[in-house]
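# Structural characterization, general
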Amino acid sequence: MSRTHLRVAAAAGLVAAAALSARASLRAQAAAARRTIGKPFGEHPHASDGVFKKKYGDRLHLLLVGDSIAAGLGATDKNETLGAHLARRIAQRTRRSVALRTVAVVGSETTMLAGQLATLETAYRPDVAVIVVGGNDVIHRVPVSTSIEHLGRTIEALQELGAVVVVGTCPDLSALTAVPRPLRTLGAIASRQLAAAQFAETERRGAIPVPLARVVGPFFAAQPDKMFAEDRFHPSGAGYRRTAKALVGPIAAALGAEGSDSSAGIGPMAEQSG
């Protein structure tokens, strides 16, 4: 073997060794992050399903699908989950009572959404379905193409049930201070790529995308002590309130609520009472 070939082989060996070292470092960081985050809330969020603002009548059915954010993990009580905040706000905007149903499951990836829909009764018909998913896809390195394929199928299935479908796209993982760098940086890049693909697929399917990284991410970055729960990974009640505020405007507009528009609730406005 010539000296040139030897140098090339040595360089390739160094690159391979560096790649293995980097992967080992990232695995170690991921394990450390899991230990830091822990599971202070377990895997069963507060059950908040029920009928909100019964006095309004003309009941509207709201379905939440997705991961721990959609399920409300991290909220201190049932009134602070994403579903509860969202149901109250939709009721206030539409002047209709809202029946909340949550099938979201902690730890879910997009590939698991079909299983969530399979738990619904055959006769159930949601008026509005909100999907929030993506963080676990990034963490578990699910290919974007796989995530988008399953998201599209879920949107289609919900539309066939007659629902207005709203997708809160993947949050920006750069706000997760419990995750060390460079793992957090890689997660941030991957989450933004997935969010962009989710946004495009949601629009293509005729559903409504809400870019959570853009409309609520800055609040989490600026006020982590307020917006995150004690595990520094899941939203707190305040974080869920802010997220619901971002989602309710497009939902109310889609339902034709008077005075609503698709950007309502997205801007950095003063907090409204839930």
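A word on the sheet that holds strand E3 (residues 98-102). Reading across the sheet, the six strands line up as E1-E3-E2-E4-E5-E6 and stay open at both edges, with mixed pairing between neighbours. On the outer flanks of this sheet lie strand E1 (50-52) and strand E6 (208-210), each paired with one strand and no other. Taking each pair of neighbouring strands and ignoring which way they run, the sheet shows an average axis angle of 25 degrees. With three bridges connecting them, strand E5 (residues 164-168) and E6 associate as parallel partners. Looking across to E6, one finds that glycine 168 is bridged to valine 210.

Let us look at the packing of aromatic side chains. Under the definition given, this model contains one aromatic pair. Geometrically, the ring pair formed by phenylalanine 220 and phenylalanine 228 is edge-to-face, given 5.1 Å between the ring centres and 70 degrees between the ring planes. Looking at phenylalanine 220, the relative accessible area reads 8%, which means it is buried. Here arginine 101 stacks its cationic end above the ring of tyrosine 124, 5.3 Å away from the centre of that ring.

This brings us to unusual backbone geometry. Even without glycine at this site, lysine 53 takes up a positive phi of about 55 degrees. Structurally, lysine 53 can be placed in the loop between E1 and strand E2 (60-66). Classification of lysine 53 as partly exposed rests on a relative accessible area of 32%. At arginine 95, a residue that is not glycine, the phi angle is positive and equals roughly 60 degrees. Along the chain, the position of arginine 95 falls in the loop between helix H3 (82-94) and E3.

What counts, and at which threshold
Residues numbered from 1 in each chain as written. Predicted model: local features only at pLDDT ≥ 70, side-chain atom pairs only at ≥ 80, totals over all residues. Heavy atoms only, no water. Pairing = 2+ DSSP bridges. Helix = DSSP H or I, 4+ residues; strand = E, 2+ residues; numbered from the N terminus. Axes fitted to C-alpha atoms, helices over the stretch in contact; angles between N-to-C directions. Phe/Tyr/Trp six-rings, centres within 6.5 Å; stacked < 30°, edge-to-face > 60°. Buried < 20%, exposed > 50% of the residue type's maximum accessible area, 1.4 Å probe, protein only. Lys NZ or Arg CZ within 6 Å of the ring centre and 35° of its normal.

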